[in-house]
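# Structural overview for review
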Amino acid sequence: MGLRQLAIDAWSWLNYKPVMAQAGRPGSRSFPELAAAWLPQEDVRRLAAYKVLAAYDSNQAGQLAAASGDESAIERRELGDAGSLVDSALGYLLGSEQKIVVEGAEHAEGEAPKPGSTAAAAMQEQLRTWAGKELLALRIQQAERASVLLGDSVYLLAWNPEKGRPTLRVEDPGFYFPQWDEDQDEDFPSRVHLAWELPEDQDAGLKARVRRVTYELGAISEDDESLVRQYPWEPGRPSRTTCYLTDAEWLLEDIKRGETLDRLPMDRARFRVRSDGTELRRLDLMVDFVPVIHITNTIPHAGEHWGRSALARVLQGLDELAATDSDGSAASATTGTPIIGLAGARLPVDRATGKPEQLRVQAGAVWQLGESGRMDALDTSPQLAELRARVEHLLDRIAANSGITAAGLGTLDAQQVPSGYALKLALGPLDALVATMRLAREHKYRLMFKMVQRLYQAGRAAGWMAGESLSARLSWAPHTPTDRAAVLDEVVTAYGAGVISLETAVAMLIETGYPIKDAAEEVERIRSSVPEVAARAQGEDGADGDGRAPEAVPPTVEGEGERAAGGAEGEHRRSFGFTPGAGR
């Protein structure tokens, strides 16, 4: 039977799965919840793709295939290869740490601070304090694993008057439904729904419901569109826009056909109430932006808004690997306990049935054979060896096609790498993959920190003055280890030759991973503790009395290794990473 329908979209790499190839609403047979009438048709394929990827991550791909009609798939062996691949990609993306950096907050020792550097340093400290209170490192782990696995993740910011700071939540991307205005060229949606079903609770007497939280930009006054507001982050620029929050529930039985998520009848809605008694019905949040940040794992194609999973290109390879593992398990059973053929043997008889008993291969077993008796064992070890070789081949293929590489997965034999340069070439695809993933997140994390500053200003928190938001980014640590000894030799040689400054040398050590917390303080320590460096610094500031620059003397680095090991950001850092919930 030929293919009746060909779908090419952000999830067409899953079309080979029967669960995604079903006509109408894909996945509705395997995932009945996707058949809900309120779900928009254009989002069903995305939600089905999330379900399939989650099944691979939890070693349930065989169960999913069995639910789609392949009954033999229930016996498929899955050994965590999909989850391991996701964790490896996540580890390389995140690096060893992430830091908030405000542009202009740091400068080299002896260098005149630029205008606004004091404010930038104060803002950097305030944002880092907020990140510590909101467990930003943990939230990033939660969101980025979903992004690497599913292709998308969602952050939600909200001002908490009791805590006196913005709170950060990670939302399931399956609850995220942005509404794009086709008549306008927008970078961000002006209306966002977060929606999910609440199951029936018979003990509490609650029926099945749909909950929808809506953030929507609109005019400050529906009656007078000329009404403007002065926001503290845009002094001198009056705005007619604000963001409204609506949180409501609908009974599933009250939703009729055609009443999808964006068309739910407001006359049948039950609006939620805040702890202070305020009804959450078009509540004015006093900000002019939607506090929802959508993270994509990859850079979306032109016209698309969704990312792609790290498993997208290798999903069929993972299926092949699981099938080969299952065949290998069956072959190992016949190799360890072989099939034996007996000729001329006297078999014991079951007294109850009168039929010969089946013999079992076990240690210490003795079988009586006649004069012409013979025993033959089926040797399946060659087939088992071939299956093991195929497993290695599939792992190499998956590593190469995913971009993580065999070196990145740790399956590369060290004896096959003749030099560090060869290893660097082997890690080239991984470097490109991480660079692309971090680039896809750069603007979103900048947007997050801008929203945090503005929420503090909107909440009139102490210490947050009115004014434009400062540019802040998320800085990632190097994703691969560095040869510290080689970098140290390079730094000593370059500084001794006078081709780099001491500040640049310290920045290179910071990037390598030496624990230097503050570049300026480290430079001052070196200059004050090492006489040659102090003399060199004096020569850089001015010539000697005879008008000649002092002879370059390499700094003494013995004993400095303990002080120079670490993770702070340097002004010459070359990292690619400049990036960015209601409770259930």
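Residues numbered from 1 in each chain as written. Predicted model: local features only at pLDDT ≥ 70, side-chain atom pairs only at ≥ 80, totals over all residues. Heavy atoms only, no water.

### A short note on the confidence of the model for the protein chain
- Residue-level pLDDT values for the protein chain average 82, and 84% of them are 70 or greater.
- Mean pLDDT across the secondary structure elements of the protein chain bottoms out at helix α15 (residues 531–541), with 60, and peaks at strand β10 (residues 292–296), with 97.
- Considering only residues more than four positions removed or in separate chains, one finds that residues 542–584, a stretch of pLDDT under 50, has 122 contacts. (pLDDT = per-residue confidence, 0-100. Helix = DSSP H or I, 4+ residues; strand = E, 2+ residues; numbered from the N terminus. Contact = heavy atoms within 4.5 Å.)

### Side note on unusual backbone geometry
- Non-glycine residue N59 carries a positive phi angle of around 60°.
- Relative to the helices and strands, N59 is located in the loop between α2 (41–57) and α3 (61–67).
- Taking the relative accessible area as the measure of exposure, N59 reaches 31% and is therefore partly exposed. (Buried < 20%, exposed > 50% of the residue type's maximum accessible area, 1.4 Å probe, protein only.)

### Points about the packing of aromatic side chains
- Here the structure, examined in full by the defined rule, presents nine aromatic pairs.
- Ring geometry for Y231 versus W233: centroids 5.0 Å apart, planes at 15°, classification stacked.
- Seen from their ring centres, Y445 and W476 are 6.0 Å apart, and the 85° between their planes marks the pair as edge-to-face. Of this pair, Y445 sits in helix α11 (residues 428–458) while W476 sits in strand β13 (residues 472–476), and the two are 31 residues apart along the sequence. Comparing Y445 with W476, the two get one shared label, buried.
- Taken together, Y155, Y445 and W476 form an aromatic cluster joined through their ring pairs.
- The side chain of R46 reaches across the aromatic face of F177, ending 5.5 Å from its centre.
- The lysine or arginine in question, R282, covers the ring of Y244, its NZ or CZ lying 4.1 Å from the ring centre. (Phe/Tyr/Trp six-rings, centres within 6.5 Å; stacked < 30°, edge-to-face > 60°. Lys NZ or Arg CZ within 6 Å of the ring centre and 35° of its normal.)

### A few points about the side chain of Q124
- Among the secondary structure elements, Q124 is positioned in helix α5 (residues 117–133).
- Apart from the residues lying within four places of it in its own chain, the contact partners of Q124 are I100, V101, V102, A105 and E106.

### Topic: α11
- Given a rise of 1.5 Å per residue, 31 residues ought to cover 45 Å, and the 45 Å separating the end C-alpha atoms of α11 matches this to within 8%.
- For α11, the principal kink sits at E442 and spans about 35°.
- Just beyond α11, the residue with positive phi is R460, at close to 55°. (Expected span 1.5 Å × (residues − 1). Bend = angle between axes of the 7 residues up to and from the residue.)

### Some remarks on the pairing of strand β6 (residues 209–219)
- Of all eleven residues in β6, eight are buried; the element is thus mostly enclosed.
- When strand β5 (residues 191–198) meets β6, the two strands line up antiparallel, connected through eight bridges. When the sheet's bridge partners are listed, A195 is paired in β6 with R212. (Pairing = 2+ DSSP bridges.)

### Focus on empty space enclosed by the protein
- A volume near 120 Å³ is recorded for the second largest cavity.
- Contributing to the lining of the second largest cavity are 15 residues, with E78, D81, A82, L318 and A322 lying nearest its centre.
- Going through the elements one at a time, α4 (81–94) and α7 (315–336) are the ones with two or more residues in the lining of the second largest cavity.
- With five residues, the top contributor of residues to the lining of the second largest cavity is α7.
- Here the lining of the second largest cavity is built from residues that sort into seven nonpolar, two polar and six charged. (1 Å grid on protein atoms, 1.4 Å probe; cavity = no way out; pocket = protein on both sides within 12 Å on 5 of 7 lines; lining within 4 Å. Points joined across faces, edges and corners; volume = space filled by probe spheres on them. Nonpolar A, V, L, I, M, F, W, Y, C, P; charged D, E, K, R; others polar.)

### Structural notes on the pattern of salt bridges
- The full count for this structure, using the stated rule, is 27 salt bridges.
- A salt bridge links E144 to R441; the nearest nitrogen and oxygen atoms lie 2.6 Å apart. One end of the pair, E144, is in helix α6 (residues 136–150); the other, R441, is in helix α11, with 297 residues separating them in the sequence. Comparing E144 with R441, the two get one shared label, buried.
- The salt bridge involving E442 is made with R446; its shortest N-O contact spans 3.7 Å. Pair noted here: E442 and R446 are both in helix α11, with a separation of four residues, about one helical turn. For the pair formed by E442 and R446, the shared burial category is buried. (Salt bridge = Lys/Arg side-chain N within 4 Å of Asp/Glu carboxyl O.)

### Points about the nonpolar core
- Formed by 105 residues in total, the largest nonpolar core has its most connected members in W38, M448 and F449.
- Of all the elements, α11 adds the most residues to this core, at eleven residues. (Core = buried A, V, L, I, M, F, W, Y, C linked by side-chain atoms within 4.5 Å.)

### Comments concerning the sheet that holds β10
- The sheet built from three strands is open, its strands ordered β3-β2-β10 with antiparallel pairing. Each edge of the open sheet is held by one strand with a lone partner, namely β3 (165–171) and β10. Neighbour-to-neighbour, the strand axes of this sheet turn through a mean angle of 25°, independent of strand direction.
- Alignment of strand β2 (residues 152–160) against β3, held across seven bridges, turns out to be antiparallel. Bridge pairing in β3 links V154 to E171. (Axes fitted to C-alpha atoms, helices over the stretch in contact; angles between N-to-C directions.)

### A few points about the packing of α6 against α11
- Look at α6 against α11: their axes get within 14 Å of each other, and the N-to-C directions meet at 135°. The orientation of α6 relative to α11 falls into the category oblique. Taken as a pair, α6 and α11 cross one another with a handedness that is right-handed. Contact residues: α6 offers L136, I140, E144, S147 and V148, while α11 offers M437, R441, Y445, M448 and F449. (Parallel < 35°, antiparallel > 145°, perpendicular 65-115°, else oblique. Left-handed = near helix turned anticlockwise from the far one by under 90°.)

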